[in-house]
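# Working through the structure, step by step
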Amino acid sequence: MVHCIQKNKEHSREEAVIAAFKEKSGAAGFYSRKVTNNGERIGYDLVDLATGEALALAREPQRLPENWEEALVHGHFSFSKAGFAAAERIVTEALEAGVSTIFIDEAGKLELQEEGYAPLIRTAVEAGVELYLGCRRINAKPLEKLFSPKK
């Protein structure tokens, strides 16, 4: 089953994902944490919800760290190969360990175009886990429709 988590009056999307994760014993997954420099957003880090380990996922092209290996460019951001590899490792290890609930944040336009985390989402759905996707409200229904198991 695919569920979408969005921001609400009390929480940002990131906070809502973290809160939902804490309510699910034995869950696994990751979220995207905004990275700022002098109050200005420069990108996002991928953070393992279970361990808190973080690494650079997306950066504005003019703010790329040294040795950045680009997987793709979308919108204002360059996405790192290492970030996508970490996401895949988190989901793969969770499935191998028999975890029944997985969180993936953020899903959006890339995934609706079958890019980004789309392969991981499909793998999790095919494994039959309870899947929570952090997303913008406008993408919730299209994501649920695209990735929910066909009956």
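Definitions and cut-offs
- Residues numbered from 1 in each chain as written.
- Predicted model: local features only at pLDDT ≥ 70, side-chain atom pairs only at ≥ 80, totals over all residues.
- Heavy atoms only, no water.
- Pairing = 2+ DSSP bridges.
- Helix = DSSP H or I, 4+ residues; strand = E, 2+ residues; numbered from the N terminus.
- Axes fitted to C-alpha atoms, helices over the stretch in contact; angles between N-to-C directions.
- Contact = heavy atoms within 4.5 Å.

Turning our eyes to something else, we now look at the pairing of strand 2 (residues 28-37). The pairing of strand 2 with strand 7 (residues 101-105) spans 3 bridges and is classified as parallel. Across the sheet, G29 pairs through a bridge with F103, a residue of strand 7. Direction of pairing for strand 2 relative to strand 3 (residues 40-48): antiparallel, over a ladder of 8 bridges. Directly across from K34, in strand 3, lies its bridge partner Y44.

To continue, consider the sheet that holds strand 8 (residues 130-134). Think of a sheet as strands paired side by side through backbone hydrogen bonds, with each pair either parallel or antiparallel. Ordered by their spatial adjacency, 8 strands build an open sheet running 1-8-7-2-3-4-6-5, and the pairing between neighbours is mixed. Where the open sheet ends on each side, the last strands, each with one partner, are strand 1 (2-5) and strand 5 (70-74). Strand-to-strand twist across the sheet, computed as the mean angle between neighbouring axes with direction ignored, equals 30 degrees. Judged from the 2 bridges that link them, strand 4 (residues 54-59) and strand 6 (residues 77-80) form a sheet pairing that is antiparallel. Directly across from R59, in strand 6, lies its bridge partner S78. Contacts from helix 1 (residues 13-23) reach strand 1, strand 2, strand 7 and strand 8 within the one sheet, and its direction differs from that of strand 2 by about 150 degrees.

So far we have only geometry, and geometry alone does not tell us how the molecule works.
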